[in-house]
Amino acid sequence: MATILDAKRSVERALFGISGVTGVGINWNTLAIRVYVEKLSPAVERVVPRSIAGFPVEIIVTGAFAARAGNINLPDLYRRVRWRPVYGGVSGGHVLMTAGTIGAVVSDIESGEMMVLSNNHVFANGTMLQKPGASVGDAILQPAWLDAGSPVDTVATLERWVPLDLEGDNLVDCALARPISEGMFVPLIVGDAEPDGTLRCIAVKGTVAARGGETVHKYGRTTGHTSGEIIDADFTTCIKYSGADPLVFVDQILACIKVDGGDSGSLLLDDQDRAIGLVVASARADGVYYAIANKIRNVEAMLGIEFPDVQDDIYIPGFDAVGDPVGAVSGVPSLVWVAAGVILGAVVSRR
């Protein structure tokens, strides 16, 4: 007799042939196959089977999943400004990409060198799938250009990435960048602000495999710190990228957590601050947010990286509106970058 995982894998491609189906997964608690849809309609209910290989089918509405570029939402101003040195969880991206999130600092397994992790579509401009691709050595900005970054804000150069497959299955959307100088990056992620404005910076305490049901949180450029729960750890989906038909991603994490455009590249952490996933795309339906994340151990294997052994969180001075107006050498972000980013973002959004 086929297992539920075998049954799910045998039909998922066929299910994606049904208009409006956005994903296929498993409810291990009830041993049901989950079919995720953009919206519920009589047509969808008629076509989606009630059972598959003897396993019941659950239909869940998520909206359509997309790898979205940054927008001008401003919950945490300090994530969109200029940081020196640079931490994870803040604005960054390829010189031709609007805005994403710098995920984390990692180590190259072969060389031991410090590298910077984010998505292909953040660091290698992977949303421009029908145009000339990125090249090794391309500039990575912090902040990203939508947040008033420019080539003078280059902090790293594109090192390598996993290409996106336009026709077959994708496992990851990830890329690495090489810092332009020693000490440019700190292997910590900007966390929450304390009441006195001090910022807690979080050490990633290793990695862990996704099982489903875990509480998770992320720190992203657009929506800041949000928390939620993994609802599917065996998720297959189609993600919409600019300039291409939706791409199929297999062996993904689906979490019920707030993520929006510009949060791509954020690390998904468990409640012990262990990396569990790399945020790729998001959707929203009936006021509920969903996020897709690559499993972090797949990312590690595909890129040949590991997380450095950093044990302790640190605390740094918070947002200082009267600090250096340029912020060129300060670890305290500058208000000028916030104002410039708001203006630039507003101009772009009206085009």
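Anything mentioned here points back to the structure above.
Below is a short write-up of the structure. It should be emphasised that the depicted structure is a prediction, and the values quoted were computed from it without experimental measurement.

1. Here we look at the overall build of the protein chain
At step 1: Secondary structure assignment for the protein chain yields five helices and 23 strands.
At step 2: Counting the 351 residues in the protein chain, one finds 56% classified as buried.
At step 3: Approximately 14,200 Å² of the protein chain is accessible, and the part contributed by carbon and sulfur atoms is 55%.

2. With respect to the sheet that holds strand 22 (residues 305-306)
Sheets are built from strands that pair by backbone hydrogen bonding, the pairs being arranged parallel or antiparallel.
At step 1: Pairing is antiparallel in the open sheet, where eight strands are placed in the order 7-6-10-11-13-9-8-22. Each of the sheet's edge strands pairs with one partner strand only, and the pair in question is strand 7 (100-102) and strand 22.
At step 2: By the bridge criterion, two bridges tie strand 6 (residues 90-94) to strand 10 (residues 139-141) in an arrangement that is antiparallel. Bridge pairing in strand 10 places Gly93 opposite Leu141.

3. Some details on helix 1 (residues 4-15)
At step 1: Between the first and last C-alpha of helix 1 there are 15 Å, a value that for twelve residues agrees with the 16 Å anticipated at 1.5 Å per step.
At step 2: Along its buried surface, helix 1 packs onto strand 1 (21-27), strand 2 (32-37), strand 3 (51-52), strand 4 (55-61), strand 17 (224-239) and strand 18 (247-256).

4. Re the packing of aromatic side chains
At step 1: Per the stated rule, a full pass over the model turns up four aromatic pairs.
At step 2: Their ring planes at 70 degrees and their centres at 5.5 Å tell us that Trp83 and Tyr87 sit as a pair that is edge-to-face.
At step 3: Between Tyr241 and Phe249, the ring centres sit 6.3 Å apart and the planes meet at 20 degrees, which makes this aromatic pair stacked. By the burial criterion, Tyr241 is buried, and Phe249 matches it.
At step 4: Members of the aromatic cluster, connected to one another through ring pairs, are Tyr36, Phe65 and Phe235.

5. Considering the sheet that holds strand 5 (residues 86-88)
At step 1: The strand order across the open sheet built from four strands is 5-14-15-23, with neighbouring strands paired in mixed fashion. Taken across any chain shown, the strands that pair with only one partner, and hence form the sheet edges, are strand 5 and strand 23 (314-316). Recorded for the sheet is a direction-independent mean angle of 50 degrees between the axes of neighbouring strands.
At step 2: Pairing of strand 5 with strand 14 (residues 185-193) involves two bridges; the strand directions are parallel.

6. Overview of the nonpolar core
At step 1: Trp83, Val86, Tyr87, Phe123, Phe185, Leu188 and Val190 are the most contacted members of the largest nonpolar core, which has 30 residues in total.
At step 2: At the level of secondary structure, the elements contributing two or more residues to this core comprise strand 5, helix 3 (120-123), strand 11 (154-161), strand 13 (175-179), strand 14 and strand 15 (199-202).
At step 3: The biggest single contributor to this core is strand 14, with four residues.
At step 4: Excluding residues within four positions of it along the chain, Tyr87 makes contact with Ile102, Val186, Leu188, Val190, Cys201, Ile314 and Ile316.

7. Some words on the pattern of salt bridges
At step 1: Using the criterion set out here, one finds 16 salt bridges in the structure.
At step 2: The closest approach of N and O atoms between Arg200 and Asp273, which form a salt bridge, is 3.3 Å. Placement of Arg200 in strand 15 and of Asp273 in the loop between strand 19 (267-270) and strand 20 (275-285) is noted, with a sequence separation of 73 residues between them.
At step 3: Asp251 is the salt-bridge partner of Lys295, the closest N and O atoms lying 2.5 Å from each other. You can see Lys295 sitting in strand 21 (residues 288-295) and its partner Asp251 sitting in strand 18, a full 44 residues away along the chain.
At step 4: Accessibility expressed as a relative area gives 27% for Asp251, which makes it partly exposed.
At step 5: Where salt bridges share partners, they join Arg200, Lys205, Asp273 and Asp313 into one cluster.

Definitions and limits used
- Residues numbered from 1 in each chain as written.
- Predicted model: local features only at pLDDT ≥ 70, side-chain atom pairs only at ≥ 80, totals over all residues.
- Heavy atoms only, no water.
- Helix = DSSP H or I, 4+ residues; strand = E, 2+ residues; numbered from the N terminus.
- Buried < 20%, exposed > 50% of the residue type's maximum accessible area, 1.4 Å probe, protein only.
- Areas by Shrake-Rupley, 256 points an atom, 1.4 Å probe, with all protein chains shown as cover.
- Pairing = 2+ DSSP bridges.
- Expected span 1.5 Å × (residues − 1).
- Contact = heavy atoms within 4.5 Å.
- Phe/Tyr/Trp six-rings, centres within 6.5 Å; stacked < 30°, edge-to-face > 60°.
- Axes fitted to C-alpha atoms, helices over the stretch in contact; angles between N-to-C directions.
- Core = buried A, V, L, I, M, F, W, Y, C linked by side-chain atoms within 4.5 Å.
- Salt bridge = Lys/Arg side-chain N within 4 Å of Asp/Glu carboxyl O.

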